[in-house]
Amino acid sequence: MSIFLELGQRPDEPGPPIHGPAAYPDDVATRLAVDAEKIIARYPQSRSALLPLLHLVQSEDGCLTPAGISFCAKQLELTDAEVTAVATFYSMYRRTPTGEYLVGVCTNTLCAIMGGDAILEALQDHLGVHAGQTTPSVNGGPSVTLEHIECNAACDYAPVVMVNWEFFDNQTPSSARELVDGLRAGDPPEPTRGAPLCTFRETARTLAGLPDPRSDNGKVGDATLAGLRVARERGMHAPEAASEAAPTGAPDDQKAAAEATQNAPAPGPAATVPPKPDTTETNPDATDSRA
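Remember, it's a predicted structure, so these values are computed and weren't measured experimentally. (Residues numbered from 1 in each chain as written. Predicted model: local features only at pLDDT ≥ 70, side-chain atom pairs only at ≥ 80, totals over all residues. Heavy atoms only, no water.)

Peer 1: Would you mind going over the overall build of the protein chain with me for this structure?
Peer 2: Looking only at helices and strands, the protein chain features 10 helices and four strands. Listing the helices and strands of the protein chain from first to last along the sequence gives α-α-α-α-β-α-α-β-β-β-α-α-α-α. Here the protein chain has roughly 16600 Å² of accessible surface; of this, 54% comes from carbon and sulfur atoms. (Helix = DSSP H or I, 4+ residues; strand = E, 2+ residues; numbered from the N terminus. Areas by Shrake-Rupley, 256 points an atom, 1.4 Å probe, with all protein chains shown as cover.)

Structure follows, in structure tokens:
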């Protein structure tokens with residue numbers, strides 16, 4: 001029995017997988033080549049710089065274009081087909097034009113249980129677009145692209161909405177509508193944690209490894225640090241070096257594994273952890289259910 005699989009772009013990104021201009025104007029190519037040289041220099045093998053270079057060209061166009069694919073291929077001495085194969089594998093590389101703000105709604109297991117599907121439906125109705133589409137600009141304000149995304153490893157704050165990969169935690173349909181209204185009005189709200197918002201193209205430059213225009217590195221959520229706090233309270237720590245796991249007389253395979261990583265120490269928890277919040281002032285009956 002044979003099975004036919006039709007391969008192509010993600011269903012929420014209509015149109016050709018990659019389209020647009022075939023080549024950059026000389027001035028654009030020259031400017032991007034300066035940034036590309038800095039990025040490539042960080043890697044012992046130039047082709048290892050492909051992923052950040054794809055973010056670089058995405059910062060230029062707002063999505064991947066044949067011009068961007070060709071530019072990356074030329075910089076790394078690859079074929080356009082090799083670059084395209086990588087570019088179309090990762091969902092963070094957009095194949096259609098993206099607005100100033102990419103709003104992603106997670107509907108994976110926990111976010112779905114906590115209301116992620118309702119948030120996505122509410123935003124589609126409110127914005128008048130489906131996932132994968134971009135809103136028109138209102139009075140010259142920023143446009144918003146709505147995206148249906150998979151898990152963002154932020155389950156401790158479900159349901160989560162991300163804007164240009166910055167977190168907006170514990171969302172509801174109402175708060176999500178207020179969020180996109182602020183974006184479209186040119187008054188972007190502050191993320192729950194992380195750095196302040198910047199545009200999608202600016203975010204792509206940062207993901208390419210170029211200097212982040214934001215001076216504020218943001219904050220870390222309390223729930224994210226709960227495990228680290230418990231580890232420090234109980235005196236838990238990792239061994240100073242992986243070689244400690246292979247005592248004298250250990251089997252040869254165990255020794256070999258330890259030697260392979262002996263120059264990569266695993267430090268114990270050393271990050272600055274904020275004190276556990278005191279909830280008794282606002283709610284005397286509150287109890288901390290975390291472990």
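Peer 1: Explanation requested: the packing of helix H1 (residues 26–40) against helix H2 (residues 50–61) in the structure shown.
Peer 2: For any two helices packed against each other, one specifies the crossing angle of their axes together with the interaxial distance. Taken N-terminus to C-terminus, the directions of H1 and H2 make an angle of 150 degrees; their axes are 10 Å apart at the nearest point. What the angle tells us is that H1 and H2 run roughly antiparallel. With respect to the hand of their crossing, H1 and H2 are arranged in right-handed fashion. On H2, the residues that touch Val28, Arg31, Leu32, Asp35, Ala36, Ile39 and Ile40 of H1 are Pro52, Leu53, Leu56 and Glu60. Counted by class, the contact of H1 with H2 contains eight nonpolar, no polar and three charged residues. (Axes fitted to C-alpha atoms, helices over the stretch in contact; angles between N-to-C directions. Parallel < 35°, antiparallel > 145°, perpendicular 65-115°, else oblique. Left-handed = near helix turned anticlockwise from the far one by under 90°. Contact = heavy atoms within 4.5 Å. Nonpolar A, V, L, I, M, F, W, Y, C, P; charged D, E, K, R; others polar.)

Peer 1: Mind showing me how you'd approach the sheet that holds strand S3 (residues 161–163) here?
Peer 2: Strand pairing within a sheet occurs via backbone hydrogen bonds; the two strands may be parallel or antiparallel. Read across the sheet, four strands follow the order S2-S1-S3-S4 without closing on themselves; strand pairing throughout is mixed. This sheet does not close on itself; its edge strands, each paired only once, are strand S2 (144–149) and strand S4 (166–168). Adjacent strand axes in the sheet meet at a mean angle of 25 degrees, parallel and antiparallel pairs treated alike. Bridge count between strand S1 (residues 101–106) and S2: six bridges; the pairing is parallel. Counterpart to Gly104 in the pairing with S2 is Glu147. Its contacts with the sheet place helix H6 (residues 116–127) against S1, S2 and S3, and it is angled at close to 145 degrees to S1. (Pairing = 2+ DSSP bridges.)

Peer 1: Hey, could you run me through the pattern of salt bridges in this one?
Peer 2: Two side chains with opposite charge may pair up if their charged atoms get near one another. Applying the stated criterion across every chain yields a total of four salt bridges. Glu60 is the partner of Arg31 in a salt bridge, and the nearest nitrogen-oxygen pair spans 3.0 Å. Residue Arg31 is located in helix H1, and its partner Glu60 is located in helix H2; the two are separated by 29 residues in the primary sequence. Taking relative accessible area as the criterion, Arg31 reaches 41% and is therefore assigned partly exposed. Here Asp169 ties to Arg193 by a salt bridge, and the two come within 2.7 Å at their closest N and O atoms. In this pair, Asp169 sits in the loop between S4 and helix H7 (173–184) while Arg193 sits in the loop between H7 and helix H8 (200–207), placing the two residues 24 residues apart along the sequence. Judged on exposure class, the residue Asp169 and its partner Arg193 are both buried. (Salt bridge = Lys/Arg side-chain N within 4 Å of Asp/Glu carboxyl O. Buried < 20%, exposed > 50% of the residue type's maximum accessible area, 1.4 Å probe, protein only.)

Peer 1: In this structure, what is going on with the environment of Tyr101? I would like to understand it.
Peer 2: One can find Tyr101 in strand S1. On the basis of relative accessibility, which here comes to 8%, the residue Tyr101 falls in the buried class. Along the sequence, Tyr101 and Cys198 sit 97 residues apart, while their C-alpha atoms lie 8.3 Å from each other. Non-local contacts of Tyr101, meaning those with residues more than four positions away in its chain, are made with Pro142, Ser143, Val144, Thr145, Val163, Asn164, Leu183, Pro188, Leu197 and Cys198.

Peer 1: What is the right way to look at H2 in this model?
Peer 2: Because the α-helix completes a turn every 3.6 residues, residues three or four places apart line up on one side. The terminal C-alpha atoms of H2, which comprises 12 residues, lie 17 Å apart, in line with the 16 Å expected from a rise of 1.5 Å per residue. Of all the residues in H2, the buried ones are Leu50, Pro52, Leu53, Leu54, His55, Leu56, Val57, Gln58, Ser59, Glu60 and Asp61. Elements that come into contact with the buried residues of H2 comprise H1, helix H3 (66–76), helix H4 (80–87) and H8. (Expected span 1.5 Å × (residues − 1).)

Peer 1: Honestly, the side chain of Thr203 in this entry has me stumped. Any pointers?
Peer 2: Position of Thr203 relative to the elements: it lies in helix H8. Excluding residues within four positions of it along the chain, Thr203 makes contact with Asn164, Trp165 and Cys198.

Peer 1: So what exactly am I meant to see when it comes to the nonpolar core here?
Peer 2: Grouped burial of nonpolar side chains is what soluble globular proteins tend to show. Counting 26 residues, the largest nonpolar core has Leu53, Leu54, Leu56 and Val83 as the members making the most contacts within it. Of all the elements in the fold, those that place two or more residues in this core are H1, H2, H3 and H4. Per-element tally for this core: the top contributor is H3, with six residues. Not counting residues within four places of it along the chain, the set of residues in contact with Val83 comprises Leu50, Leu54, Ile69, Cys72, Ala73 and Leu78. (Core = buried A, V, L, I, M, F, W, Y, C linked by side-chain atoms within 4.5 Å.)

Peer 1: Please explain unusual backbone geometry as it appears in this structure.
Peer 2: Note: most residues except glycine have negative phi, and most peptide bonds are trans. Look at the link from Ala158 to Pro159: it is a cis peptide, with omega at 0 degrees. Here Pro159 lies in the loop between S2 and S3. Positive phi, close to 55 degrees, is recorded for Glu77, a residue that is not glycine. For Glu77, a relative accessible area of 75% gives the class exposed. Positive phi, close to 50 degrees, is recorded for Asn170, a residue that is not glycine.

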